[in-house]
Amino acid sequence: MILASSPLAMAVITLMIAAGITTLVVPLVRRLGLQLGLIDQPDPRKQHSSPMVRLGGVGMVLGFCAALAVIWGIGGFGLLAPDRDQLIWTTLAGSLCFFFIGLADDLFALSPWPRLAGQITVAMVVWSQGVRIGAIDLPWLSGSASVIVLPELFSLAATVIWLVGITNAINWLDGLDGLAAGVAGIAAVGLLSVSFSLNQAAAGLLAAALAGCCFGFLRHNFNPARIFMGDGGSYFLGFTLAAVSIVGPAKGLTTVSLLLPLLILSLPLADMSAVIMGRLSDGHSPFYPDRRHLHHRLLRAGFSHRRTVLLIYVFTQWLAALAMVVANVELRFLWLALATAILVATVVVMRRRQMEETARKAARRRAHADKNLAACHHKHG
């Protein structure tokens, strides 16, 4: 098959299949969730005001797995070396395990510590199967000294922290309609571009499937959302992004430059770090529920729900474009220029509209005050 001889064509097909299947399956999952009463009740910390099904991650996982199965069936994996083929299955198995940990929390409301223990255990198993940070590549240095090979214990610790950290960063980002799915989808497209620029077709297929299921889910999750992904969905997205970033920018099985995924995922990572430090400084647990996240701060600053989400989207796509420059992707400066233009234009338009809305509200308040004053004068006249 001609298509099966082109990794890029396989990636595009993978993305389209994942998006299509996710789009079709999610409404069925929502209907089943309503029938079974598996819903998320509103509370003061949450943005939704009515009960919502939070099993959307089921549809995303089905779309992701089905897309990879179709590509495998038409021989797309035949393009990969056997060791890279094995990394796809290892990543898929780890993603499913993280999904089931989150799904268990969605169904049975687990406490944070058993969930964390399960995540660490799965991450350790995945590390033992080759998805690992075995070395840190420092590209700004020259010569063999640019690669720092990590001892086994340090490799294990770095891999576990990376996989579990990214997973929970995406999970904590899932506070507004469409936010986690959109950011993960943009990050996946960035990793897709970087992976193909480094001739890493295995990671490219995984990133394409992930981007597809994210965009397919957004059809039902963008504000106003009709379904939530739940912890199952956010754990699945977070782990898969983290694993792809290890499998993808790798120069080999034991060498990885963390700079590229750190750039693409720096926004959720910075948000998670700031929230944890704030909670610890107040004497609370890192899992203490509050409204410290970036999206909460933007809402308090006066941004609407949709504008908050869109602002985080455009900043994420700018970071992904910056990562392309670092990775020497073809036409990288053109992509960075376009991303910068989009970011600046979005900020300018949002600021202008916010000022216009503030002016309209002030005018309405003045008109209301003038009306009350006139009524008072008429009454006492």
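Our subject is the structure that appears above.
Below is a short write-up of the structure.

Comments concerning the overall build of the chain
Along its length, the chain carries 13 helices and 6 strands. Of the contacts made within the chain by residues no fewer than 6 positions apart, 74% connect residues no fewer than 24 positions apart.

Observations regarding unusual backbone geometry
Of the consecutive residues N223 and P224, the connecting peptide bond is found in the cis state with omega at 0°. Residue placement: P224 occurs in the loop between α7 (201-221) and α8 (230-247). Of note in the backbone geometry, A109 takes a positive phi value of approximately 50° without being a glycine. Position of A109 among the secondary structure elements: in the loop between α3 (82-108) and α4 (112-128).

Focus on the state of the cysteines
Simply put, the disulfide is a covalent bond whose two ends are the sulfur atoms of two cysteines. A complete count under the given rule lists 0 disulfides for this structure. Between C65, a cysteine without a disulfide, and C213, which holds the nearest cysteine sulfur, the sulfur-to-sulfur distance is 9.1 Å. Cysteine C213 shares no disulfide, and the gap to the nearest cysteine sulfur, in C214, comes to 4.7 Å. Given a relative accessible area of 0%, C213 falls into the buried group.

Focus: the pattern of salt bridges
Tallied over the full model, the rule gives 7 salt bridges. Here D282 ties to R292 by a salt bridge, and the two come within 1.9 Å at their closest N and O atoms. Taken as a pair, D282 in the loop between α10 (266-281) and α11 (294-300) and R292 in the loop between α10 and α11 lie far apart in primary sequence, 10 residues in all. The class for D282 is partly exposed, based on a relative accessible area of 44%.

Comments concerning a nonpolar patch on the surface
Together, L32, L36, L38, L107, F108 and L110 make up a nonpolar patch on the protein surface, roughly 550 Å² of accessible area in all. Only α1 (7-36) and α3 provide two or more residues apiece to the nonpolar patch. Along the chain, L38 turns up in the loop between α1 and β1 (39-40). Residue L38 is classed as partly exposed on the basis of its relative accessible area of 30%.

Comments concerning the nonpolar core
With 91 residues, the main nonpolar core has F64, L163, L210, L237 and L241 as its most contacted residues. If one sorts the elements of this core by residue count, α7 sits on top with 13 residues. Ignoring anything within four residues of it in the chain, the contact list for L241 reads I166, I170, A184, A187, A188, L191, L210 and L265.

Quick look at the packing of α4 against helix α5 (residues 152-173)
Across the interface, α4 lies against α5 with an axial gap of 9 Å and an inter-helix angle of 130°. The orientation of α4 relative to α5 falls into the category oblique. Our pair here, α4 against α5, has a crossing hand that is right-handed. Facing α4, whose interface residues are L116, Q119, I120, A123, M124, V126 and W127, α5 presents E152, S155, L156, T159, V160, L163, V164, T167 and N168. Taken together, the residues that form the contact of α4 with α5 break down as 10 nonpolar, 5 polar and 1 charged.

Parameters at a glance
Residues numbered from 1 in each chain as written. Predicted model: local features only at pLDDT ≥ 70, side-chain atom pairs only at ≥ 80, totals over all residues. Heavy atoms only, no water. Helix = DSSP H or I, 4+ residues; strand = E, 2+ residues; numbered from the N terminus. Contact = heavy atoms within 4.5 Å. Disulfide = S-S within 2.5 Å. Buried < 20%, exposed > 50% of the residue type's maximum accessible area, 1.4 Å probe, protein only. Salt bridge = Lys/Arg side-chain N within 4 Å of Asp/Glu carboxyl O. Patch = residues over 30% accessible without salt bridge, like charges linked within 9 Å, V, L, I, M, F, W, Y side chains within 5 Å. Areas by Shrake-Rupley, 256 points an atom, 1.4 Å probe, with all protein chains shown as cover. Core = buried A, V, L, I, M, F, W, Y, C linked by side-chain atoms within 4.5 Å. Axes fitted to C-alpha atoms, helices over the stretch in contact; angles between N-to-C directions. Parallel < 35°, antiparallel > 145°, perpendicular 65-115°, else oblique. Left-handed = near helix turned anticlockwise from the far one by under 90°. Nonpolar A, V, L, I, M, F, W, Y, C, P; charged D, E, K, R; others polar.

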